[in-house]
Amino acid sequence: MSTLKPAEWLGRLVGGRPQPEPSAMPVRRKHPAPTMPEPTLRAGWQLVSLLLSYPDDRLLGLLPSIREAAGRLPDAVGVPLRRLADHLAECDVQSLRTAYVDTFDTTRKCALHLTYYAHGDTRKRGIALVQFKQAFRRAGLEVTDDELPDHLSVVLEFGATGSVDVAWRLLNDHRSGIELLQLGLDTKSSPWADAVTALRATLPELDGSQAEAVARLLAEGPPNEDVGLDGYALDPRLNPHPADDDLDLSLDLTGAPR
């Protein structure tokens, strides 16, 4: 599967060229279907993915195009993205980078890795990471070793340029983690809360089981496992071979029975 670079994607959005073809891969749904058109989902997810990335020179140079592209989206998605883009553009660069590290790298309450919220530092997280990589592989994408496959920006980039259906399932399977990320960012009054607000505007309303999962994780926190992290031997960066697909996938990525 060919993947557009961010600058190429933004060029398509701003220039009005044809969007990627709708996903043809049939995926069994257990979540409500998207209500936004697929091109809108792809565009919104691409912008959220970019704005949740480390603010390096490349991202800062893309901010005018990001803001222009966000202006083409529904207000619920585009307004918070434009607000965040404006903040990033106006901030002192060093202060901005320090704030990013303080927000996402020094506390797990704002973790961008979706499996952390459901599995914490347990063996099950290693299995969940492999399942993410399998989902990508089956949709035609081999994840590189640069980032774990459950990173929110990676999942959104995959949905923007690859399979909307698979990304939709991954995001909704881990909806409680997205909600906790929003709460964590809101508590810190973080400008990056706007990116998650925009993402949530593309997703369905929380159902009862998801709301219960959020409340439970909020009360108890992610599980912890102090003895033996052998499950991380299944980290997909250490286990890149297609033979991984022999693993039992009778459980969904949250650990709940299908």
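Residues numbered from 1 in each chain as written. Predicted model: local features only at pLDDT ≥ 70, side-chain atom pairs only at ≥ 80, totals over all residues. Heavy atoms only, no water.

## Re the confidence of the model for the protein
Stage number 1. When pLDDT is averaged along the protein, the result is 77; 71% of the residues meet or exceed 70.
Stage number 2. The low-confidence segment residues 1-9 (pLDDT under 50) makes 24 contacts with residues lying over four places distant or belonging to another chain.
Stage number 3. This stretch, residues 14-29, has a pLDDT under 50; its non-local contacts, to residues over four places away or in other chains, come to 36 contacts. (pLDDT = per-residue confidence, 0-100. Contact = heavy atoms within 4.5 Å.)

## A look at the nonpolar core
Stage number 1. By size, the foremost hydrophobic cluster in this structure holds 59 residues, and its most contacted members are Trp45, Ile66, Leu81, Phe104, Leu171, Leu181 and Leu199.
Stage number 2. For Leu171, the residues in contact, after removing those within four places along its chain, are Trp45, Leu114, Leu152, Val155, Leu156, Ile178, Leu199 and Leu203. (Core = buried A, V, L, I, M, F, W, Y, C linked by side-chain atoms within 4.5 Å. Buried < 20%, exposed > 50% of the residue type's maximum accessible area, 1.4 Å probe, protein only.)

## A word on the environment of Gly162
Stage number 1. The topology assignment puts Gly162 in the loop between α8 (152-161) and α9 (164-173).
Stage number 2. A C-alpha to C-alpha distance of 7.6 Å links Gly162 and Ala139, two positions 23 residues apart in sequence. (Helix = DSSP H or I, 4+ residues; strand = E, 2+ residues; numbered from the N terminus.)

## Quick notes on unusual backbone geometry
Stage number 1. Positive phi is not limited to glycine here, since Ser189 has a value of about 50°.
Stage number 2. Residue Ser189 is classed as exposed on the basis of its relative accessible area of 65%.

## Details of helix α4 (residues 75-90)
Stage number 1. If you check α4, its first and last C-alpha atoms are 22 Å apart, about what 16 residues at 1.5 Å a residue would give, namely 22 Å.
Stage number 2. By the burial criterion, the buried members of α4 are Val77, Gly78, Pro80, Leu81, Arg82, Leu84, Ala85 and Leu88.
Stage number 3. Looking at the buried positions of α4, the neighbouring elements they touch are α2 (38-51), α3 (57-70), α5 (93-104) and α11 (193-201). (Expected span 1.5 Å × (residues − 1).)

## Let's talk about the pattern of salt bridges
Stage number 1. Under the criterion given, the structure shown has eight salt bridges.
Stage number 2. For Arg83, the salt bridge is made with Asp194, and the minimal N-O distance between the two is 2.8 Å. Of this pair, Arg83 sits in helix α4 while Asp194 sits in helix α11, placing them 111 residues apart in sequence.
Stage number 3. The class for Arg83 is partly exposed, based on a relative accessible area of 44%.
Stage number 4. Close ionic contact of Asp150 with Arg125 constitutes a salt bridge, the shortest N to O distance being 3.4 Å. Residue Asp150 is located in the loop between α7 (123-138) and α8, and its partner Arg125 is located in helix α7; the two are separated by 25 residues in the primary sequence.
Stage number 5. Via salt bridges that share partners, Arg175, Glu179 and Arg200 belong to a single interconnected network. (Salt bridge = Lys/Arg side-chain N within 4 Å of Asp/Glu carboxyl O.)

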